Amino acid sequence: MTDFHGSHDFHDFHDTLRSLRVWDTDLPAFDPDTAPATPLPLFRAWFLSAAKAGQAEPHTMSLATVDADGRPDVRTVMLHDADERGWHFASHATSAKGRQLAAAPHAALGFYWPAQGRQVRLRGRVTTAPAEEAYADLHARSAGALAAALVGHQSEVLDSVATLTRASEAAWERAEAEPDADAATWTLYVLDPYEAEFFQGDERRRHVRLRYRRDGGEWVRELLWP
């Protein structure tokens, strides 16, 4: 049986933590003077560059919201699209994030691509896409994604793993028998940013930070100290 309170584990954790290197690879250059006038083209270029550099799951991102008491909450979700309307992600409207966004429709997204020492941070207002777009989004994905959506109950208290297993097996059977089945609470969200920051790491810690900030209907670009 593992001892989670032993002194060996404590010292091993700290020794390992302090031994880890950051960006132990060649990092790309980034000249902010060449950046486009708006953040979307740069995001797409950086995303493609990260994927081609072998970054695992470059489409995963941190999503931060606030609860009813104004306390922050964060989790990892998948990017479903990025277009002129904003950055798309999906979840159940009845989930914790769905309830939080309904009450306070602002959020932050964070991408981290260590293969190239890059981060992208976005803050903006979140809206829901039409139901037909959420349906199309769900059915453009795998049978497993549909099955997971059909299970439902996201963020609710679960009494046992066995209960989850039974619900999942039933959802998989339905997803395979009814590939056009709908999950009524499945919602597609779109974050329209009013701020976007692009961070390029530098091995000498001269990191480049370029922020796009909305000023009325225009984007303002400005450098930030690292």
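Owing to the predicted nature of the structure, the values given are computational and were not obtained by experimental measurement.

Examining the overall build of the protein
Per the secondary structure count, the protein includes 6 helices and 9 strands. Across its three principal directions, the C-alpha atoms of the protein cover 55 × 55 × 40 Å. With 226 residues in all, the protein has 35% of them scored as buried. The long-range fraction of contacts in the protein, counting pairs at least 24 apart against all pairs at least 6 apart in sequence, stands at 65%. Carbon together with sulfur atoms contributes 53% to the accessible area of the protein, which is approximately 13,800 Å² in total. One finds the centroid of the 24 positive side-chain charges in the protein at a distance of 7 Å from the centroid of its 34 negative side-chain charges.

Comments concerning the pairing of strand E2 (residues 72-78)
Here strand E1 (residues 60-66) pairs with E2 via 7 bridges, running antiparallel. By the bridge assignment, Ala 64 is partnered in E2 with Val 74. In this structure, the hairpin formed by E1 and E2 is closed by a connection of 5 residues, where Gly 70 is found at a positive phi of approximately 80 degrees.

Description of unusual backbone geometry
For His 153, which is not glycine, the phi dihedral falls at a positive 65 degrees. Along the polypeptide, His 153 turns up in the loop between helix H5 (143-151) and helix H6 (161-177). Assessed through its relative accessible area of 54%, His 153 is described here as exposed. Despite not being glycine, Arg 205 shows a phi value in the positive range, around 65 degrees. You can see Arg 205 is positioned in the loop between strand E7 (186-200) and strand E8 (208-215).

Some details on H5
Restricting attention to buried positions, one finds in H5 the residues Ala 145, Leu 146, Ala 147, Ala 149, Leu 150 and Val 151. Those residues of H5 hidden inside the fold are in contact with strand E4 (86-92), helix H4 (131-139), H6 and E7. Remark: Gly 152 follows H5 within two positions and exhibits a positive phi of approximately 65 degrees.

Overview of the pairing of E8
With 6 bridges connecting them, E7 and E8 associate as antiparallel partners. Within E8, the residue paired with Glu 197 across the bridge is Arg 211. A loop of 2 residues connects E8 with strand E9 (residues 218-224), the two strands running antiparallel in sequence, and Gly 216 in this loop sits at a positive phi of about 70 degrees.

Considerations on a nonpolar patch on the surface
Where nonpolar side chains cluster on the molecular surface, the patch consists of Phe 13, Leu 17 and Leu 20 and spans about 330 Å² of accessible area. For Leu 20, the position within the fold is in the loop between helix H1 (7-19) and helix H2 (39-52). By relative accessible area, Leu 20 is classed as exposed at 58%.

Description of the nonpolar core
Phe 43, Trp 87, Phe 89 and Phe 111 are the most contacted members of the largest nonpolar core, which has 29 residues in total. Only H2, E1, E4, strand E5 (106-113), strand E6 (118-128), E7 and E8 provide two or more residues apiece to this core. Per element, the largest residue contribution to this core is 5 residues, and it comes from H2. Beyond its immediate chain neighbours, meaning those up to four positions away, Phe 43 contacts Leu 79, Ala 82, Trp 87, Phe 111, Trp 113, Val 120 and Phe 198. If you look at the next biggest cluster of nonpolar residues, it comprises 16 residues, including Ala 129, Leu 146, Ala 171 and Leu 188.

Conventions used here
In this numbering scheme, every chain counts its residues from 1 along its sequence in written order. Given that this is a predicted model, residues contribute local features only at a pLDDT of at least 70 and side-chain atom pairs are listed and counted only at 80 or more, while totals for whole chains, interfaces and linings are drawn from all residues. In computing side-chain properties, one takes all heavy atoms of the structure into account and sets aside hydrogens as well as water. Secondary structure counts use DSSP, requiring at least four H or I residues in a row for a helix and at least two E residues in a row for a strand, with both numbered from the N terminus. Buried, partly exposed and exposed residues are distinguished by accessible area as a fraction of the type maximum, computed with a 1.4 Å probe on protein chains only: under 20%, between the cut-offs, and over 50%, respectively. Note on definitions: a residue-residue contact is assigned when non-hydrogen atoms from the two residues lie within 4.5 Å. In short, Shrake-Rupley with a 1.4 Å probe defines the accessible areas, and a residue's cover is counted only from the protein chains shown. When charges are counted, neither His nor the chain ends are considered; positive counts come from Lys and Arg and negative counts from Asp and Glu. For this purpose, a charge sits on NZ of Lys, CZ of Arg, CG of Asp or CD of Glu. We call two strands paired when DSSP finds no fewer than two bridges between them. Without a salt bridge and with relative accessible area above 30%, a residue can belong to a patch; like charges are then joined within 9 Å and nonpolar side chains (Val, Leu, Ile, Met, Phe, Trp, Tyr) within 5 Å. One speaks of a salt bridge when a side-chain nitrogen belonging to Lys or Arg is within 4 Å of a carboxyl oxygen belonging to Asp or Glu. Note on terminology: a nonpolar core comprises buried Ala, Val, Leu, Ile, Met, Phe, Trp, Tyr and Cys residues joined through side-chain atoms within 4.5 Å.

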